[in-house]
Amino acid sequence: MAGELSARDIERAKFAFSIYDFEGGDTVDAFYLGDVLRALNLSPTQKLVEKLGGTKKRNEKKLKVDEFLPIYGQAKKDKDVGNIEDFTEILKLYDKSGDGKMALAELSHILQSLGERLDKDEAEEILKDCCEPEDEDGFIEYKPFLKKLMAGPYPDDA
């Protein structure tokens, strides 16, 4: 699978890999597999990371760069990731008046109960970081929320 990666992809993958090589032994703890893939502008779910060999605990497994490259190639091919248009269509289902707004409490509930579930604290942190203040009726505009969410934690670096 690493053969399907371009020379530029391999170079970028090796660089990202080296950043997570905290011990300098040319290995990365499989616990950080998702982080390395996300550093390469991929958006794997935790389920996919585990399927590709990621672990839930530190120091269970180490990956060498030649083991990581095929994993990166597989993750890069994976199309099981939504985009902003997909998420907008989903949130339109909760837009009762068709005005681009939904209840903040309902959005919080969605984050905690659908897909890759978040706990209450994780959902609150995302809402705090990505939502404009709710209006007097408890509603927020969901398109600006999605744009901030999809931009990630460092939108100016993109």
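Relevant structure appears above.
Remember, it's a predicted structure, so these values are computed and weren't measured experimentally.

A. Structural view of the packing of helix α5 (residues 84-92) against helix α8 (residues 142-151). Close contact between α5 and α8 brings their axes to 10 Å; oriented N to C, the two are set at 145°. Crossing hand, α5 versus α8: right-handed. Here I84, F87, T88, L91 and K92 of α5 lie close against α8, whose contacting residues are Y142, K143, L146, K147 and M150. The residue inventory of the contact of α5 with α8, partitioned by class, reads six nonpolar, one polar and three charged.

B. Representation of the environment of K128 within the structure. Along the polypeptide, K128 turns up in helix α7 (residues 120-130). Residue classification places K128 among the exposed positions, given a relative accessible area of 64%. Sequence separation between K128 and G25 is 103 residues, and the spatial gap between their C-alpha atoms is 39 Å.

C. View of the packing of aromatic side chains. A complete count under the given rule lists six aromatic pairs for this structure. Ring geometry for F17 against F68: centres 5.6 Å apart, planes inclined by 40°, an arrangement best described as tilted. Of this pair, F17 sits in helix α1 (residues 7-19) while F68 sits in helix α4 (residues 65-77), and the two are 51 residues apart along the sequence. Take F17 and F68: they sit in the same class, and that class is buried. On the numbers, 5.1 Å between centres and 85° between planes, the contact of F22 with Y32 is edge-to-face. One end of the pair, F22, is in the loop between α1 and β1 (27-29); the other, Y32, is in the loop between β1 and α2 (33-39), with 10 residues separating them in the sequence.

D. Summary view of a negative patch on the surface. Together, D119, D121, E122, E124 and E125 make up a region of like negative charge exposed at the surface. The class of E122 is partly exposed, set by a relative accessible area of 37%.

E. Looking closely at a nonpolar patch on the surface. On the surface, F87, I90, L93, L149 and M150 cluster together to form a nonpolar patch covering roughly 440 Å² of accessible area. Looking at the nonpolar patch, the elements with two or more residues in it are α5 and α8.

F. Structural context of the nonpolar core. By size, the foremost hydrophobic cluster in this structure holds 22 residues, and its most contacted members are L33, V36, L37, L40, L52, F68 and Y72. Taken together, the elements giving at least two residues each to this core come down to α1, α2, α3 (46-51) and α4. With five residues, the single largest contributor to this core is α4. Aside from chain neighbours lying at most four places away, what touches L33 is V49, L52, G53, G54, L63, F68 and I71. By size, the runner-up hydrophobic cluster in this structure holds 14 residues, among which are M102, L104, A123 and C130.

G. Main features of α4. Taking 1.5 Å per residue, 13 residues should reach 18 Å; α4 reaches 18 Å between its end C-alpha atoms and fits that length. Where α4 is concerned, the buried positions are F68, L69, I71, Y72, G73 and A75. Residues of α4 that are buried in the fold lie against α1, α2 and β2 (62-64).

H. Representation of the environment of L40. By secondary structure assignment, the location of L40 is in the loop between α2 and α3. Along the chain, L40 and K76 lie 36 residues apart, while their C-alpha atoms are 9.3 Å from each other. In this structure, L40 is in contact with R12, A13, A16, F68 and Y72, ignoring residues within four places of it in sequence.

I. Highlighting the packing of α7 against α8. With their axes 9 Å apart at the nearest point, α7 and α8 run at an angle of 105° to one another. By the angle between their axes, α7 is roughly perpendicular relative to α8. Of α8, the residues touching α7 (which contributes I126, L127, D129 and C130) are P144, F145, K148 and L149. Class assignment for the residues of the contact of α7 with α8 results in six nonpolar, no polar and two charged.

Cut-off values and rules
Residues numbered from 1 in each chain as written. Predicted model: local features only at pLDDT ≥ 70, side-chain atom pairs only at ≥ 80, totals over all residues. Heavy atoms only, no water. Axes fitted to C-alpha atoms, helices over the stretch in contact; angles between N-to-C directions. Helix = DSSP H or I, 4+ residues; strand = E, 2+ residues; numbered from the N terminus. Left-handed = near helix turned anticlockwise from the far one by under 90°. Contact = heavy atoms within 4.5 Å. Nonpolar A, V, L, I, M, F, W, Y, C, P; charged D, E, K, R; others polar. Buried < 20%, exposed > 50% of the residue type's maximum accessible area, 1.4 Å probe, protein only. Phe/Tyr/Trp six-rings, centres within 6.5 Å; stacked < 30°, edge-to-face > 60°. Patch = residues over 30% accessible without salt bridge, like charges linked within 9 Å, V, L, I, M, F, W, Y side chains within 5 Å. Areas by Shrake-Rupley, 256 points an atom, 1.4 Å probe, with all protein chains shown as cover. Salt bridge = Lys/Arg side-chain N within 4 Å of Asp/Glu carboxyl O. Lys, Arg positive; Asp, Glu negative; His and termini not counted. Charge placed at Lys NZ, Arg CZ, Asp CG, Glu CD. Core = buried A, V, L, I, M, F, W, Y, C linked by side-chain atoms within 4.5 Å. Expected span 1.5 Å × (residues − 1). Parallel < 35°, antiparallel > 145°, perpendicular 65-115°, else oblique.

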